[in-house]
Amino acid sequence: MSKVTFPLGVKDELGTEKLFKSMLGKVYTVRGFDKYGNAELRPKRWDFVWVEPEFLRLRRRKLKRPR
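Described below are features of the structure shown in this document. (Residues numbered from 1 in each chain as written. Predicted model: local features only at pLDDT ≥ 70, side-chain atom pairs only at ≥ 80, totals over all residues. Heavy atoms only, no water.)

Remarks on the nonpolar core
What counts is decided by this rule: Only buried Ala, Val, Leu, Ile, Met, Phe, Trp, Tyr and Cys residues count toward a nonpolar core, and they belong to the same one when joined by side-chain atoms within 4.5 Å. To sort residues, take the accessible area from a 1.4 Å probe on protein chains only and compare it with the maximum for the residue type: under 20% means buried, over 50% means exposed, and anything in between is partly exposed. In DSSP terms, a helix is any run of H or I states spanning at least four residues, a strand is any run of E spanning at least two, and both are numbered starting from the N terminus.
Core analysis: the biggest nonpolar cluster contains 5 residues, these being Leu19, Met23, Leu41, Val49 and Val51. Sorting the residues of this core by element identifies α1 (16–23) and β3 (49–51) as the ones contributing at least two each.

As structure tokens, then:
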């Protein structure tokens, strides 16, 4: 993974890097798309994250076994 960089004088006060690192390798449901085509994910109840689709990988739903 590459190091996250911010423009000179900009600090990650919102914890963006930590949030994205915590999301890596996990599965999320796409909740919608914005006007630019970015996927809306909700990694936590109060967070909304928009990600460009090229950074996402589709995963098949697990089939529910009948009981």
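Describing α1
This is how the line gets drawn: Along the arc lie the directions from the helix axis toward the C-beta atoms.
Of the residues making up α1, those classed as buried are Glu17, Leu19 and Met23. Along α1, the residues classed as buried sweep out an arc of 160° about the axis, all on the same side. Taken from the residues just after α1, glycine 25 is the one with a positive phi, measuring 80°.

Digging into the pattern of salt bridges
A side chain of one charge can pair with a side chain of the opposite charge if their charged atoms are brought near each other. To keep things clear, this is the line we draw: For salt bridges, the criterion is a side-chain nitrogen of Lys or Arg within 4 Å of an Asp or Glu carboxyl oxygen.
Taken as a whole, this structure holds 2 salt bridges when the rule is applied. Note that glutamate 17 is salt-bridged to lysine 21, the shortest N-O span being 3.2 Å. Of the two residues, glutamate 17 and lysine 21 both sit in helix α1, 4 residues apart, roughly one turn of that helix. What makes glutamate 17 buried here is its relative accessible area of 18%. Judged by relative accessible area, lysine 21 falls into the partly exposed class, the value being 43%. In this structure, arginine 42 and glutamate 40 form a salt bridge, with 3.3 Å as the shortest nitrogen-oxygen distance.

Examining the environment of proline 66
Its place among the elements puts proline 66 in the segment after β3. Taking the relative accessible area as the measure of exposure, proline 66 reaches 78% and is therefore exposed. Taking the C-alpha atoms as reference points, proline 66 and threonine 29, 37 residues apart in sequence, are found 23 Å from one another.

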